[in-house]
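Structural characterization, general
As a plain string of letters, each chain reads:
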Amino acid sequence: MVAVERIWQGDRNARIRLDKQPWGPAKVFKKGMTHVSYLLIGLLTGGAFTLYFRDAPTLVGEFVTGTAPAVAYLFLGIFTATTYLLGGIAREQVCIYMCPWPRIQGAMFDRDSMLVSYREFRGEPRGPHKKGDGWEGRGDCIDCKACLAVCPMGIDIRDGLQLECIQCALCIDACNEIMDRVGRPRGLIAYDTFRSLESEEKGGPLRLNIIRPRTMLYSGLIALASVVVLIAAAAKTVVDINVIAERNPLYVRLSDGSVRNAFTVKILNKLYDARTFVLSVEGLAGADLSVVGIEGRPEISVAPDGLREIRAYVTLAPGPLAGIPSGATSFDFVARDLADGRETRRKTQFRRP
Ligand code: SF4
Ligand code: SF4
């Protein structure tokens, strides 16, 4: 968003001048195009997030032809508006007041943490410096405020570490440029630690203490989280089956003495191509499976990235029924993918009197 603002309205000084100007065609154009660009970015990022929940190429086509579901337009609008408001209007206020990270980050620091720091012992006393003047009795900071001008959070790093600082290091680059121009050593603002700053102030060396209990603990936690994510990714299924047994009634006794249970079976195909599954039951000897609306072998086609819901009956004739105890008996519904033979199963229960 900052880059967009710079494209349409120029650098910080140009923007300040533009803000002070009375409204006219040029100002309306520059401000208007900035906000149109923000909205476009919001639409593209919001749109991308909406596409995550459905088959993306299909949904894009539906958006273009105006045939997408109303809820898709609703969420596209919500994501566009929130991106525009948070990224284009609220900006750093989001980082300061809404994001919990600065608080977490503050709790994680210690005296050996590398942070963007102002070398006060070197910079003070600050003040303007004329070409040809000496540097005796004064600090290297010429109070040009370049570090303040580039700071996206609008803070002055010379006041010390602040909660708002996002450690972007833009002030380091800005100050180094100034130091080059006035012929002073770089690094008036630099990455440094509290302990090192104290040492340097007394003329001691730069002190870096990277391996310490805190860094080892954080590294361990990051490694642990990475392993959990990798395991979760490896265990991710591409087909899922969900079975809901009918509760009312739990079973039906047929005129020939058989007992029938009804189930709602949902097969979720997370793949990008249509799949056909053969549904069967395992662990219930002699069970007969029938699917409403499908004659013979229960072959169920599921669209790409789609969900198919079917109603299935599992029936036990009097003979097999005698082989299971009263009450509930566990068995599996199995969906076998005809394309690759992969089986997905879901445990449920058959109930009899
Ligand atoms: S950019 Fe450097 S010299 Fe300029 S005000 Fe900031 S600290 Fe001082
Ligand atoms: S590191 Fe970034 S946010 Fe922090 S003071 Fe410097 S410019 Fe500002």
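The structure displayed is predicted, hence computed values, not measured ones.

**So, the overall build of the protein**
When you go through the protein residue by residue, the secondary structure sums to 13 helices and 11 strands. By the compact-globule yardstick of 20 Å for 353 residues, the protein is too spread out, its C-alpha radius of gyration being 33 Å. By principal-axis analysis of the C-alpha atoms, the protein measures approximately 110 × 60 × 35 Å. Across the 353 residues in the protein, those meeting the buried criterion constitute 35%. Across the protein, contacts joining residues at least 24 apart in sequence account for 61% of those joining residues at least 6 apart. The average position of the 45 basic charges and that of the 38 acidic charges among the side chains of the protein differ by 2 Å.

**Some details on the packing of aromatic side chains**
Applying the stated criterion across every chain yields a total of 11 aromatic pairs. Centroid distance Phe63 to Tyr73: 5.3 Å. Interplanar angle 65°. Geometry classified as edge-to-face. Of the two residues, Phe63 is situated in helix H4 (residues 56–65) and Tyr73 in helix H5 (residues 70–90); the sequence distance between them amounts to 10 residues. Tyr73 gets classed as partly exposed once you look at its relative accessible area, which sits at 31%. Taken together, Phe49, Tyr52, Phe53, Phe75 and Phe79 form an aromatic cluster joined through their ring pairs. It is Lys27 that lies over the ring of Trp23; its NZ or CZ is 4.5 Å from the centre. For Arg260, the ring lying beneath its charged end belongs to Tyr313, and the centroid distance is 4.1 Å.

**Focus: the nonpolar core**
Val265, Ile267, Leu279, Val314, Phe333 and Phe350 are the most contacted members of the largest nonpolar core, which has 26 residues in total. Broken down by secondary-structure element, the contributors of at least two residues to this core are strand S3 (239–245), strand S5 (259–269), strand S6 (275–282), strand S7 (288–291), strand S8 (299–302), strand S9 (306–316) and strand S10 (327–337). In this structure, Ala146, Ile157, Ala174 and Ile189 belong to the second largest nonpolar core, which totals 17 residues.

**Observations concerning the site of ligand 1**
Around ligand 1, the structure places 13 residues, and the nearest of them are Cys141, Cys144, Lys145, Cys147 and Cys175. At the level of elements, helix H9 (146–150) and helix H10 (170–182) are the ones that each hand at least two residues to the shell around ligand 1. For the shell around ligand 1, the class distribution of residues is 10 nonpolar, no polar and 3 charged.

**Re the sheet that holds S10**
Ordered by their spatial adjacency, 4 strands build an open sheet running S8-S6-S10-S11, and the pairing between neighbours is antiparallel. Edge strands, defined here as strands with exactly one partner in the open sheet, are S8 and strand S11 (343–352). Strand-to-strand twist of the sheet, defined as the mean angle between neighbouring strand axes without regard to direction, takes the value 30°. Pairing of S10 with S11 involves 10 bridges; the strand directions are antiparallel. Following the sheet pairing, Ser330 is matched in S11 by Gln349.

**Focus: the site of ligand 2**
Close to ligand 2 lie Val116, Cys151, Pro152, Met153, Ile155, Ile157, Cys165, Ile166, Gln167, Cys168, Ala169 and Cys171, which account for all nearby residues. For the shell around ligand 2, the class distribution of residues is 11 nonpolar, 1 polar and no charged.

**Some words on the pairing of S8**
The two faces of S8 differ: Ile300 and Val302 on one face are buried, but Glu299 and Ser301 on the other face are not. Sheet topology note: the S6/S8 ladder contains 4 bridges and is antiparallel. Following the sheet pairing, Phe277 is matched in S8 by Ile300.

**Some points on a nonpolar patch on the surface**
Where nonpolar side chains cluster on the molecular surface, the patch consists of Met114, Tyr191, Leu206, Leu208, Ile210, Ile211 and Met216 and spans about 780 Å² of accessible area. Within the element layout of this structure, Ile210 appears in the loop between helix H11 (194–201) and helix H12 (213–234).

**Thoughts on the domain arrangement of the protein**
Examined at the domain level, the protein breaks down into domain 1 (2–90), domain 2 (102–201) and domain 3 (239–352). Distance from the C-alpha centre of domain 2 to the C-alpha centre of domain 3: 69 Å.

Cut-off values and rules
- Throughout, a residue's number is its position along its own chain's written sequence, starting from 1.
- Ligands are numbered from 1 and chains lettered from A, in the order in which they are written.
- Where local features are concerned, this predicted model is filtered to residues with pLDDT of at least 70; where side-chain atom pairs are given and counted, the filter is 80 or more; whole-chain, interface and lining totals use all residues.
- Excluding hydrogens and water, the side-chain values take into account all heavy atoms of the structure.
- Secondary structure follows DSSP: runs of H or I at least 4 residues long count as helices, runs of E at least 2 residues long count as strands, and numbering of each begins at the N terminus.
- In this setup the radius of gyration rests on C-alpha atoms only. A globule is expected at 2.2 Å times the number of residues raised to 0.38.
- Three labels apply to residues, based on accessible area from a 1.4 Å probe with only protein chains included: buried if under 20% of the type maximum, exposed if over 50%, partly exposed otherwise in between.
- The contact definition used throughout considers only heavy atoms, calling two residues in contact when any of these lie within 4.5 Å.
- All tallies of charge rest on Lys and Arg as positive and Asp and Glu as negative; His and the ends of each chain are not included.
- Charge placement uses NZ in Lys and CZ in Arg. For Asp and Glu, CG and CD serve respectively.
- Pairs were defined over the aromatic rings of Phe, Tyr and Trp, the Trp ring being its six-membered one, requiring ring centres within 6.5 Å. Orientation was assigned from the angle between planes: stacked under 30 degrees, edge-to-face over 60, tilted for the rest.
- In this analysis the charged atom, NZ for Lys or CZ for Arg, is taken to sit over a ring once it is within 6 Å of the ring centre and within 35 degrees of the ring normal.
- Among buried residues, the Ala, Val, Leu, Ile, Met, Phe, Trp, Tyr and Cys ones that are joined through side-chain atoms within 4.5 Å form a nonpolar core.
- Proximity is defined per residue: any heavy atom of the residue falling within 4 Å of a molecule or strand makes that residue near it.
- Only Asp, Glu, Lys and Arg are considered charged in this grouping, and only Ala, Val, Leu, Ile, Met, Phe, Trp, Tyr, Cys and Pro are considered nonpolar; every other residue, Gly among them, is considered polar.
- Here a strand pair is declared whenever DSSP counts at least two bridges between the two strands.
- To obtain each axis, a line is fitted to C-alpha atoms, and for helices this fit is confined to the stretch in contact; angles are then taken between N-to-C directions over 0 to 180 degrees.
- Patch membership requires more than 30% relative accessible area and the absence of a salt bridge. Residues of like charge join within 9 Å; the nonpolar side chains Val, Leu, Ile, Met, Phe, Trp and Tyr join within 5 Å.
- Using a 1.4 Å probe, accessible areas were evaluated by the Shrake-Rupley method; residue-level cover was limited to the displayed protein chains.
- Each salt bridge in this description consists of a side-chain nitrogen of Lys or Arg and a carboxyl oxygen of Asp or Glu lying within 4 Å of one another.
- Each domain's limits were defined by an automated method or a database of domain assignments.

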